[in-house]
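# Structural description and commentary
Chain by chain, the residues:
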Amino acid sequence: MAVGLALTSKTEQYNGRITSFVVASCIIAAMGGLIFGYDIGISGGVTSMEPFLKKFFPDVYAKMKEDSEVSNYCKFDSQLLTSFTSSLYLAGLVASFFASSVTRYFGRKPSILVGGAAFLAGSALNGAATNLYMLIFGRVLLGVGIGFANQSVPLYLSEMAPPQSRGAINSGFQLCVGLGVLSANFINFGTEKIEDGWGWRISLAMAAVPASVLTIGAFFLPETPNSLIQRGNDHQTAKLMLQRIRGTTDVQAELDDLIKASSVSFNHPFKKIIQKKYRPQLVMAIAIPFFQQVTGINVISFYAPILFRTIGLTESVSLIMSALIAGVVGTAATFTSMFIVDKLGRRVMFIFGGVQMFVSQVVIGATMAAELGDHGSISKGYAYLVLTMICIYVAGFAWSWGPLGWVVPSEIFPLEIRSVGQCIVVAVNFLFTFIVAQSFLAMLCHFKSGIFFFFGGWVAVMTVFVYFLLPETKNLPIEVMDRVWREHWFWKRIVGEVEDDKSRQQNA
């Protein structure tokens, strides 16, 4: 408790407010979330459009038409089809390691710019694709763009935001992801009705709109004071920028903490992060994005239209239901999260969101196990029950593990390992997104309704993990965040040993 009080008093020394300059900068940067969300929403809808399947995946199209011979759960089982979705995340995984170096040595702004430009090129190539090779290469460029954006944008938002509002501002990234999913699903619903079967081209090419906003806007973004100091700029430059973003000239307390945090060596960050004193941060950098993916959210986000067609809904109804559920419900829940995250705290939202997702997944799995066989469709009443529970599930994710899966990792790393820590977060996120995306349709075919029990089990595990191992981080300045581990019942045993060894060396 003493450490918590010390941290609270330290926070109160910081002056400043949320300025219009910070709001404008963060809105532009958060477009990185919009391109991420747009791609998530657009890929699931496009892969359920018959003209798209007929042109690029004729085998899947043929199986979909053979209703009497192919299991409901196996109609879309194709590793080639899943490679369309998952290739982006494999490219993002590789790009995140390059993005870490760009973010560390050149700043957050150039990394955001590279992300926007790569995504813009990929969207143009996808919209003009005439063969599968063009389509997959375009997806790779989109992956490079998202790899750079997801590396730099959460860091940018955390470093620009004042401590007391950091959770809300950083949740703007996930809000933009939700808005991207929402817009993509409505675009899919509209383009699916275009005659002659070329509507999918519009869906894929429209990704250029948010990418253009991000790319052009990145030229006008200011660099964060943290990055200015980290890259060796004089302290006066960082102080002037800090005064501008905080809306006050009295920023000395915060500047002193930034300077102190930057006084350590920034060499060999990958070697640093595996040191014992950074063990809690390393565990969270791996565990949080891993758990975020095994919630099963991408089952809904990527393949919701396919899932709805599995339970017997038409193509048009599947697309509009995806728009309403993944878009409207998810965005509304994320928007709500922005208002309560800095009041309730991260742990409470993680835990209650986990319980909400677990219950809804169990009900969905049980309903489909009891009512949906290998052939035919589910009755209308049970279909509505499944849709309702999916809504509850999406809302649970969107106000907890969705935004907090980015908020918490972006605020827990000391400056000397911040870029490499975020690199690990993004890489783990993409790795397991790739695995889930590539394996889901095969898992759906073999597990059938058991797929929901599989992901529900992981939700239970991650909720217990948060309850016992994640300390509360709300309202704490990121430059003194390392102290929360020293008062945690478990992590203090590890971090405390490092402090004791340091004290013994000094005394000797």
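Residues numbered from 1 in each chain as written. Predicted model: local features only at pLDDT ≥ 70, side-chain atom pairs only at ≥ 80, totals over all residues. Heavy atoms only, no water.

### What to know about the packing of helix 3 (residues 31-46) against helix 8 (residues 132-160)
What counts, and what does not: All axes here are fitted lines through C-alpha atoms, helices being fitted over the stretch that makes contact, and every angle between N-to-C directions spans 0 to 180 degrees. The numbering of helices and of strands both runs from the N terminus, where a helix is a DSSP run of H or I of at least 4 residues and a strand a run of E of at least 2. Working rule for angles: under 35 degrees goes down as roughly parallel, over 145 as roughly antiparallel, 65 to 115 as roughly perpendicular, anything else as oblique. Each helix crossing is assigned a hand: it is left-handed if the near helix lies turned anticlockwise from the far helix by less than a right angle, otherwise right-handed if that turn is clockwise. In what follows, a contact means two residues having at least one pair of non-hydrogen atoms within 4.5 Å.
Contact geometry of helix 3 with helix 8 gives a least axis separation of 9 Å together with a crossing angle of 140°. The angle between helix 3 and helix 8 falls in the class oblique. Taken as a pair, helix 3 and helix 8 cross one another with a handedness that is left-handed. Mapping the contact onto sequence places Gly 32, Ile 35, Phe 36, Asp 39 and Ser 43 in helix 3 and Arg 139, Leu 142, Ile 146, Ala 149, Asn 150 and Val 153 in helix 8.

### Overview of the pattern of salt bridges
Condition: The working definition used for a salt bridge is a side-chain nitrogen of Lys or Arg within 4 Å of a carboxyl oxygen of Asp or Glu. Here the term buried applies to any residue with accessible area under 20% of the maximum for its type, exposed to any over 50%, and partly exposed to those in between, with areas from a 1.4 Å probe on protein chains only.
Applying the stated criterion to the full structure yields nine salt bridges. Glu 159 is the partner of Arg 108 in a salt bridge, and the nearest nitrogen-oxygen pair spans 2.7 Å. In this pair, Arg 108 sits in helix 7 (residues 108-127) while Glu 159 sits in helix 8, placing the two residues 51 residues apart along the sequence. Note on accessibility: Arg 108 and Glu 159 belong to one class, buried.

### Things to note about the packing of helix 3 against helix 11 (residues 208-218)
The following threshold applies: Gly is put with the polar residues, along with every residue not named as nonpolar or charged; the nonpolar set is Ala, Val, Leu, Ile, Met, Phe, Trp, Tyr, Cys and Pro, and the charged set is Asp, Glu, Lys and Arg.
Relative to each other, helix 3 and helix 11 sit at 160°, their axes nearing to 9 Å. Considering the angle they form, helix 3 stands roughly antiparallel to helix 11. The chirality of how helix 3 crosses helix 11 is left-handed. Facing Met 31, Gly 32, Leu 34 and Ile 35 of helix 3, the residues of helix 11 in contact are Pro 210, Ala 211, Val 213 and Leu 214. Of the residues assigned to the contact of helix 3 with helix 11, the class counts are seven nonpolar, one polar and no charged.

### Looking at the environment of Thr 215
As a reminder, the rule being used: Under this definition, polar contacts are N or O atom pairs within 3.5 Å; protein pairs additionally need one hydrogen-donor-capable and one acceptor-capable atom, and for neighbouring residues in sequence, both atoms have to be side-chain atoms.
Looking at the element boundaries, Thr 215 is found in helix 11. Taking C-alpha positions, Thr 215 is 9.6 Å from Ala 29, a pair spaced 186 residues apart along the chain. Those residues within four positions of Thr 215 in sequence are excluded, and the remaining contacts are Leu 113, Gly 116 and Ala 117. A distance of 3.1 Å separates a polar atom in the side chain of Thr 215 from the backbone oxygen of Gly 116.

### So, helix 16 (residues 279-293)
So the rule is basically this: For a helix, the expected span equals 1.5 Å multiplied by the number of residues minus one.
Along its 15 residues, helix 16 runs 22 Å from first to last C-alpha, staying within 8% of the 21 Å computed at 1.5 Å per residue. Within helix 16, 12 of the 15 residues are buried, which leaves the element mostly enclosed by the surrounding structure.

### Thoughts on unusual backbone geometry
Notably, Asn 475 is not glycine yet its phi reads approximately 65°, a positive angle. Relative to the helices and strands, Asn 475 resides in the loop between helix 23 (450-469) and helix 24 (491-507). Residue classification places Asn 475 among the partly exposed positions, given a relative accessible area of 25%.

### As for the nonpolar core
Condition: Within this scheme, the nonpolar core is defined by two criteria: the residues are buried Ala, Val, Leu, Ile, Met, Phe, Trp, Tyr or Cys, and they are joined through side-chain atoms within 4.5 Å.
Of all hydrophobic cores here, the largest spans 124 residues; its most connected members are Phe 52, Met 284 and Trp 401. Looking at which element gives the most residues to this core, the answer is helix 22 (residues 418-447), with 12 residues. With residues near it in sequence (within four places) discarded, Met 284 still touches Pro 289, Ile 412, Phe 465, Leu 469, Leu 470, Trp 485 and Trp 491.

The values are spatial; any link to function lies outside them.
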